[in-house]
Amino acid sequence: SLIRRSCLVAVGALGFDPRVTDLIRLGLDDDDQMVVAGAVYAMGRTASESWTPELLDFLRSEDAELRFEASRAAGLLGDMDTVPELADLVYDVDLEVRAAALAALGSIGGPAAIRVLREAGQDEEFEEEEIIDEALDEAHLTIDPLEWQS
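Conventions and cut-offs
- Residues numbered from 1 in each chain as written.
- Predicted model: local features only at pLDDT ≥ 70, side-chain atom pairs only at ≥ 80, totals over all residues.
- Heavy atoms only, no water.
- Helix = DSSP H or I, 4+ residues; strand = E, 2+ residues; numbered from the N terminus.
- Buried < 20%, exposed > 50% of the residue type's maximum accessible area, 1.4 Å probe, protein only.
- Phe/Tyr/Trp six-rings, centres within 6.5 Å; stacked < 30°, edge-to-face > 60°.
- Lys NZ or Arg CZ within 6 Å of the ring centre and 35° of its normal.
- Axes fitted to C-alpha atoms, helices over the stretch in contact; angles between N-to-C directions.
- Left-handed = near helix turned anticlockwise from the far one by under 90°.
- Contact = heavy atoms within 4.5 Å.
- Nonpolar A, V, L, I, M, F, W, Y, C, P; charged D, E, K, R; others polar.
- Arc of directions from axis to C-beta.
- Core = buried A, V, L, I, M, F, W, Y, C linked by side-chain atoms within 4.5 Å.
- Polar contact = N/O pair within 3.5 Å; in protein donor to acceptor, adjacent residues only side chain to side chain.

Some thoughts on unusual backbone geometry
Here is step 1 of the chain: Even without glycine at this site, A47 takes up a positive phi of about 60°.
Here is step 2 of the chain: Structurally, A47 is set in the loop between α3 (33-45) and α4 (52-59).
Here is step 3 of the chain: Given a relative accessible area of 51%, A47 falls into the exposed group.

Okay, here's the thing in structure tokens:
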């Protein structure tokens, strides 16, 4: 199962090949949770926003590992449509999911993601200040200074 997961993650980078899509779909239907998690992450590695609807479902999963991998995949895809779901995950009960959501928001960037990161940074209950700072630094790299409005 670790080998199948690793293979899915590796082939995800070849995402424009229809065979990769088929392999990821097979992984998503696998009985082994580790393989499913690898397939979720592989969706992000394809750089194809065609996976966004499925990714949104995994961002809402009850399973923390799947939310974690979906957050990482969302950051790789960079699709703004995932920002609202990632914003919810910033307050997830699982620390790793929160960290992955924050990092993904930084990777995606844009005004909406920056607002979420700033709000999280102002929340005194947040212990992830360093992650938020890094995510904000990365998010600001995605903004065209001529288009930014706070």
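Brief notes about the packing of aromatic side chains
Here is step 1 of the chain: Overall, the coordinates contain 0 aromatic pairs when judged by the stated rule.
Here is step 2 of the chain: In this structure, R72 packs its charged tip against the face of Y41, placed 3.9 Å from the ring centre.

Overview of the packing of helix α1 (residues 2-12) against helix α2 (residues 18-28)
Here is step 1 of the chain: At a minimum axis separation of 10 Å, α1 and α2 run at an interaxial angle of 145°. In this structure, α1 meets α2 at a crossing whose hand is left-handed. Contact residues: α1 offers L8, V11 and G12, while α2 offers V20, L23, I24 and G27.
Here is step 2 of the chain: Taken together, the residues that form the contact of α1 with α2 break down as 5 nonpolar, 2 polar and no charged.

Details of α4
One turn of an α-helix holds 3.6 residues; hence residues three or four places apart share an orientation.
Here is step 1 of the chain: Buried residues of α4: T52, L55, L56, F58 and L59, and no others. Buried positions in α4, seen along its axis, are confined to an arc of 160° and lie on one side of it.
Here is step 2 of the chain: Tucked into the core, α4 has its buried residues touching α2, α3, α5 (64-77) and α6 (83-89).

A closer look at the nonpolar core
Here is step 1 of the chain: By size, the foremost hydrophobic cluster in this structure holds 42 residues, and its most contacted members are I24 and V40.
Here is step 2 of the chain: Of all the secondary-structure elements, those providing two or more residues to this core are α2, α3, α4, α5, α6, α7 (95-108), α8 (110-122) and α9 (129-140).
Here is step 3 of the chain: A per-element tally of this core places α3 first, with 7 residues.
Here is step 4 of the chain: In contact with I24, other than residues within four places in its own chain, are L8, A39, A42, M43, T46 and W51.

A word on the side chain of R67
Here is step 1 of the chain: Inspection of the secondary structure puts R67 in helix α5.
Here is step 2 of the chain: Residue class for R67 comes out buried when judged on its relative accessible area of 9%.
Here is step 3 of the chain: Only 3.0 Å separates the side chain of R67 from the backbone oxygen of E62, close enough to count as a polar contact.
Here is step 4 of the chain: Aside from chain neighbours lying at most four places away, what touches R67 is F58, L59, S61, E62, L89, D92, D94 and V97.

Quick notes on α1
Here is step 1 of the chain: Listed as buried for α1 are R5, L8, V9 and G12. The buried side chains of α1 occupy one side of the element, clustering within an arc of 95° when seen end-on.
Here is step 2 of the chain: Against the buried residues of α1 lie α2, α3 and α5.

Considering the side chain of S71
Here is step 1 of the chain: If you trace the backbone, S71 turns up in helix α5.
Here is step 2 of the chain: You can call S71 buried: its relative accessible area is 0%.
Here is step 3 of the chain: There is a polar contact of 2.9 Å between the side chain of S71 and the backbone oxygen of R67.

Description of the packing of α7 against α8
Here is step 1 of the chain: At a closest axis distance of 8 Å, the pairing of α7 and α8 adopts a crossing angle of 145°. You can see that α7 and α8 cross each other, and the crossing is left-handed. Contacts from L102, L105, G106 and I108 in α7 reach G110, A113, V116, L117 and A120 in α8.
Here is step 2 of the chain: Residues of the contact of α7 with α8, tallied by class, amount to 7 nonpolar, 2 polar and no charged.

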